[in-house]
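Next come the chains, spelled out residue by residue.
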Amino acid sequence: MDRRDFLAGAGLLAVAPTASSAARGVDWGAVRREFRLDPALTNLGLFYLASNPREVRDAVDEFRRRLDSNSHDLMPEEAREVAVALGQYVGGAADDIAFVPNTTIGLSIVYGGLKLRAGQELLLNDQDHAWHQQAARLAAGRVGANVRVGTLFENPAKATEDEIATRLRNSITPRTRAVGITWVQSSTGVRMPVRACASVVAEANRGRAREDRCLLVVDGVHGLAAVDDDAARMGADVFVAGTHKWLFGPRGTGMVWVNPEVSDQIVPLLPSLSDRSPTALLGPGGFHAFEQYYAVRAAVRFHQRRDPRSRRPHAARRLGLRGHGVLRRSRPHRPRAGGTVAAEKHPDHHGVVPHPVRAGRHVDPQHPGGDRPDCAGDQRAGSLIRGSSAVPGGSSRTLVFSICT
Ligand SMILES: Cc1ncc(COP(=O)(O)O)c(C=O)c1O
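Here we summarise the structure given alongside this text. (Residues numbered from 1 in each chain as written. Predicted model: local features only at pLDDT ≥ 70, side-chain atom pairs only at ≥ 80, totals over all residues.)

Quick look at the pairing of strand S4 (residues 146–150)
Short version of the rule: Strands are labelled as partners when DSSP assigns at least two bridges between them. A run of H or I in DSSP becomes a helix once it reaches four residues, and a run of E becomes a strand once it reaches two; helices and strands are each numbered from the N terminus. With its strands directed away from the observer, a crossover is right-handed exactly when the path from the first strand over the helix to the second travels clockwise.
Bridge count between strand S3 (residues 121–125) and S4: five bridges; the pairing is parallel. Among the inter-strand pairings, leucine 122 is bridged to a residue of S4, identified as valine 147. One crossover worth recording links S3 to the parallel S4 by way of helix H7 (residues 130–143), and it is right-handed.

Focus on the pairing of strand S5 (residues 176–182)
Inclusion rule: Buried, partly exposed and exposed are defined by the number of other C-beta atoms within 10 Å of a residue's own C-beta, namely 20 or more, between the two limits, and 12 or fewer respectively, with C-beta atoms placed from the backbone.
Across the seven residues of S5, seven count as buried, placing the element largely inside the fold. Of the pairings in the sheet, the one linking S3 to S5 comprises three bridges and is parallel in character. When the bridges of S5 are listed, leucine 123 appears paired with valine 179. As judged from the five bridges shared by S5 and strand S6 (residues 215–219), these two strands associate in the parallel manner. Within S6, the residue paired with alanine 178 across the bridge is leucine 215.

Details of helix H4 (residues 54–69)
For clarity, the threshold we go by: Residue count minus one, scaled by 1.5 Å, sets the expected span of a helix. It is the directions from the helix axis to the C-beta atoms that the arc portrays.
With 16 residues, H4 should reach 22 Å at 1.5 Å per residue; the first-to-last C-alpha distance of 22 Å fits that figure. Looking only at H4, the buried set comprises Val56, Ala59, Val60 and Phe63. Viewed end-on, H4 has its buried residues packed into an arc of 100°, placing them on one side of the element. Turned more than 90 degrees off the buried face of H4, the exposed positions are Asp61, Arg65, Asp68 and Ser69.

Quick look at the site of the ligand
The criterion, for reference: Working rule for contacts: place C-beta from the backbone, and if it is within 6 Å of a molecule or strand, that residue counts as near it. Classes in brief: Ala, Val, Leu, Ile, Met, Phe, Trp, Tyr, Cys and Pro nonpolar; Asp, Glu, Lys and Arg charged; the others, Gly included, polar.
For the ligand, the set of nearby residues contains 13 residues, the closest of which are Asn102, Thr103, Thr104, Ser186 and Gly242. Listing elements by their share of the shell around the ligand, those giving two or more residues are helix H6 (103–113) and H7. Residue composition of the shell around the ligand, by class: two nonpolar, ten polar and one charged.

Note that all results are geometric; they support no functional claim without further evidence.
If you want it as structure tokens, here you go:
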């Protein structure tokens, strides 16, 4: 079945498209109806915690039904299929995937399990999420290592790849055992140039002993399924992401991918259910909400079916939110590296607003519901807004939107 047949079969095509107009011909209203989002809300919560499309809800229900009818027989083959699906989705291998309940626990397991010595350091930056920083601090504190938090750009609106790479190069010392960055920052919407950072780290690693090697750890939660790129092929050593945000996966699910060349550098912190591979062993064990875990595969499938030509379609674009009337682009930035906005941001407020918004209200976390004259005239409300730009070609800019409903 090709893309067109699939979409037509799924009732998602409003008109029969030519190949080049296939995306435009998709009935995005039908796609939105796959979600149970309250149409009275302008929902930005997908950046926060996903609403699940029907396919994912059905998969959760089906696995729950099976477990309720026989709660003894877990389904390791389903877990394996999830690893295969995620591995393929990120451009890696199933054996290099560990299941974790969320990004925070994934990062904590990675930093906590990293073979780190007293006197070494973890280097993060001031735009990494607080829980990322906390995970690093807790791990470093246990062994007498340090966490250093740098600044990789002065101004998110003007940051360049060169600025970030140069600052990173100047910050790494022989003691730096890991560099942590965020693929798409929730604080600024900036999409970090992971490949450039990876080159800098590779340079720093020249001549280093294996046990001193600096690893590049990426918090990828707002890039996975939002940026059309292979997470496992950007040069990072570790990629961590919840699958319960942009991938629309079941709540309480996430993944860690580890470059097999460095998997011996991270040891498990907790007993695991899986001995499939050294990386799978990082996934915390004990029994889980298995119906949620097994259904991650349905989330991957949901994305892939929207565009079989790509393993990682730009979800927001595929969901047809380009040019949505309620999004007002406040400023383009990072012209050389963007393509995604994970942040919805009021123009004069630095924070991100990840909450559903009542139709007819303007988004301002400082003044909830306050009217803003500059938003007047842009009064349409949508049922589903994902704060992401959809730059054709996927490689030109990061945008931050303000929202007026
Ligand atoms: C950049 C970033 N990293 C990590 C997290 C925590 O994600 P999780 O809830 O999957 O632990 C968030 C939360 O939204 C985030 O914005």
